[in-house]
Amino acid sequence: MGKASRDKRDIYYRKAKEEGWRARSAFKLLQIDEEFNIFEGVKRVVDLCAAPGSWSQVLSRKLYLPAKQSPALKDGELPLIVAIDLQPMAPIEGVIQVQGDITNARTAEVVIRHFDGCKADLVVCDGAPDVTGLHDMDEFVQSQLILAGLTIVTHILRQGGKFIAKIFRGKDTSLLYCQLKLFFPVVTFAKPKSSRNSSIEAFAVCENYSPPEGFNPKDLHRLLEMVGSPSGVDDLDCSSGWLEGPNKVYIPFLACGDLSGYDSDRSYPLPKVADGTYQSLDPVQPPIAPPYKRALEMKKASSQGIRDLEKLSLDS
Ligand code: SAM
């Protein structure tokens, strides 16, 4: 699809370029904030799975840049934003980057070290695996990222802090809800207006971090496995949506963002310019080392090879 037709078909893609965001995902975090006020009082934040960096840009613009302009704040008092991803990303003002796998304990340790004994007020995780199209598999890999996020949360989130995580809605959604409820008394599954209805993506907005009394982060996995089991830590049966009666789990699900605003599933006409032609903008910051880079190089090399062969046969 060409850039201009994507601009027409995807209003948030176009708006992202106009407003200088590296990805349309920025609007999802902004719309979650409109509803839940997640940035209030936040001084330290971790952005998990951050590349190409539009959420980190939001954090920088909402937290770091205003603080930097405030004459009352000294260097050491500026908000701390740590962003992690498997992929490297171009620098963003006020954002410390860590390249690594969030499911790896060593990456978690690096993040924790940046906090130097202090706790974070907010952890956000927009992690997504390379989607295979096999729904169960994708949901499983996604849940591994949430688990990795929750592991980091249990080490560095302060009591009362917030955790926002991308989820894929599926058959285990109620189980995930119950697991998150172990740590957060308020959990809402939110669907920002900029997230397409056709996508199974939603965001768990978890508020007021309150781990169970005597909780040891080492026990996280065992504790999560017990949720919903007959002798488990939670009497609610969280296994599926088919339950009836008082034990049925109702998940608060909320659409957020200006509901009369742009619809991400609609095509919008392209704006007219003076000479009648529409000029599509380039992406704000293309990924600097995308996983598909090697494939592109190989494709380019092979088309060049074919052209050389064709030229050879024409010349001979
Ligand atoms: N929030 C980002 C933004 O606004 O630009 C977009 C995130 S993108 C949807 C998902 C990211 O998850 C990818 O950059 C991918 O590299 C990252 N990711 C997937 N698995 C990961 C892992 N195990 N550790 C770290 N990052 C991971």
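Residues numbered from 1 in each chain as written. Predicted model: local features only at pLDDT ≥ 70, side-chain atom pairs only at ≥ 80, totals over all residues. Heavy atoms only, no water.

Our working rule: UniProt positions are given in the numbering used here, feature names are shortened, and annotations may be inferred rather than shown by experiment.
The chain has the name Putative tRNA (cytidine(32)/guanosine(34)-2'-O)-methyltransferase in an unreviewed UniProt entry, where Hibiscus sabdariffa is given as its organism. The UniProt entry for the chain carries the following comment under Subcellular location (unreviewed entry): "Cytoplasm".

### Notes on the UniProt feature "active site" (unreviewed entry) in the chain
Applicable threshold: By definition, any uninterrupted DSSP run of H or I lasting at least four residues is a helix, any uninterrupted run of E lasting at least two residues is a strand, and each is numbered from the N terminus. Any two residues whose heavy atoms approach within 4.5 Å are treated as being in contact. The term polar contact refers here to a pair of N or O atoms within 3.5 Å; inside protein, the definition further demands a hydrogen-donor-capable atom paired with an acceptor-capable atom, and it admits residues adjacent in sequence only when both atoms are side-chain atoms.
Following the UniProt record, one finds the feature "active site" (unreviewed entry) at Lys166. Topologically, lysine 166 is positioned in strand β5 (residues 157-168). In this view, lysine 166 contacts Cys125, Asp126, Gly127, Ala128, Gln142, Ile146, Glu201, Ala202 and Phe203; residues no more than four positions away in its chain are not counted. At 3.0 Å, the side chain of lysine 166 forms a polar contact with the side chain of aspartate 126.

### Some thoughts on the state of the cysteines
What counts is decided by this rule: Disulfides are defined as pairs of cysteine sulfur atoms found within 2.5 Å of each other.
Using the criterion set out here, one finds zero disulfides in the structure. The closest cysteine sulfur to the non-disulfide-bonded cysteine 206 is located on cysteine 125, 11 Å from its own sulfur. No disulfide involves cysteine 256; its nearest neighbouring cysteine sulfur is the one of cysteine 206, lying 13 Å away.

### Focus on the site of the ligand
Where we set the bar: Proximity is defined per residue: if any heavy atom of the residue lies within 4 Å of a molecule or strand, that residue is considered near it. Using a 1.4 Å probe, the Shrake-Rupley method yields the accessible areas, and only the shown protein chains count as cover for residues. Charged means Asp, Glu, Lys or Arg here, nonpolar means Ala, Val, Leu, Ile, Met, Phe, Trp, Tyr, Cys or Pro, and polar covers whatever is left, Gly included.
What surrounds the ligand is a group of 19 residues, the closest being Ser54, Asp85, Asp101, Ile102 and Asp126. In this structure, tryptophan 55 approaches the ligand through a main-chain N or O atom, which is 3.0 Å from an oxygen atom. Contact between the ligand and aspartate 126: a nitrogen atom at 2.8 Å from a side-chain N or O atom of the residue. When the ligand is considered free in solution it has 600 Å² of accessible area, and contact with the protein chains removes 86% of it. Looking at the shell around the ligand residue by residue, the classes come out as nine nonpolar, six polar and four charged.

### Remarks on the packing of aromatic side chains
In this description, an aromatic ring pair is defined by two values, namely the gap between the centres and the angle between the planes. We count it as follows: For this analysis, a ring pair means two rings from Phe, Tyr or Trp (six-membered ring only for Trp) whose centres lie within 6.5 Å, classed as stacked if their planes differ by under 30 degrees, edge-to-face if by over 60, and tilted for the remaining angles. A 1.4 Å probe rolled over the protein chains alone gives each residue an accessible area, and that area as a share of the maximum for its type sets the label: buried under 20%, exposed over 50%, partly exposed in between. The criterion for a charge sitting over a ring is simple: Lys NZ or Arg CZ within 6 Å of the ring centre, and within 35 degrees of the ring normal.
Taken as a whole and judged by the stated rule, the model has nine aromatic pairs. With centroids separated by 5.3 Å and ring planes inclined at 50 degrees, the aromatic side chains of phenylalanine 184 and tyrosine 209 adopt a geometry described as tilted. Of this pair, phenylalanine 184 sits in the loop between α7 (173-181) and β6 (186-192) while tyrosine 209 sits in the loop between β7 (201-207) and α8 (220-226), placing them 25 residues apart in sequence. With relative accessibility at 3%, the residue tyrosine 209 sits in the buried group. When the centroid spacing of 5.3 Å and the interplanar angle of 90 degrees are considered together, the rings of tyrosine 262 and tyrosine 268 count as edge-to-face. Among the aromatic residues, those joined into a ring-pair cluster are Phe163, Phe183, Phe184, Tyr209 and Phe215. The lysine or arginine in question, arginine 6, covers the ring of tyrosine 13, its NZ or CZ lying 4.0 Å from the ring centre. The side chain of arginine 61 reaches across the aromatic face of tryptophan 21, ending 3.7 Å from its centre.

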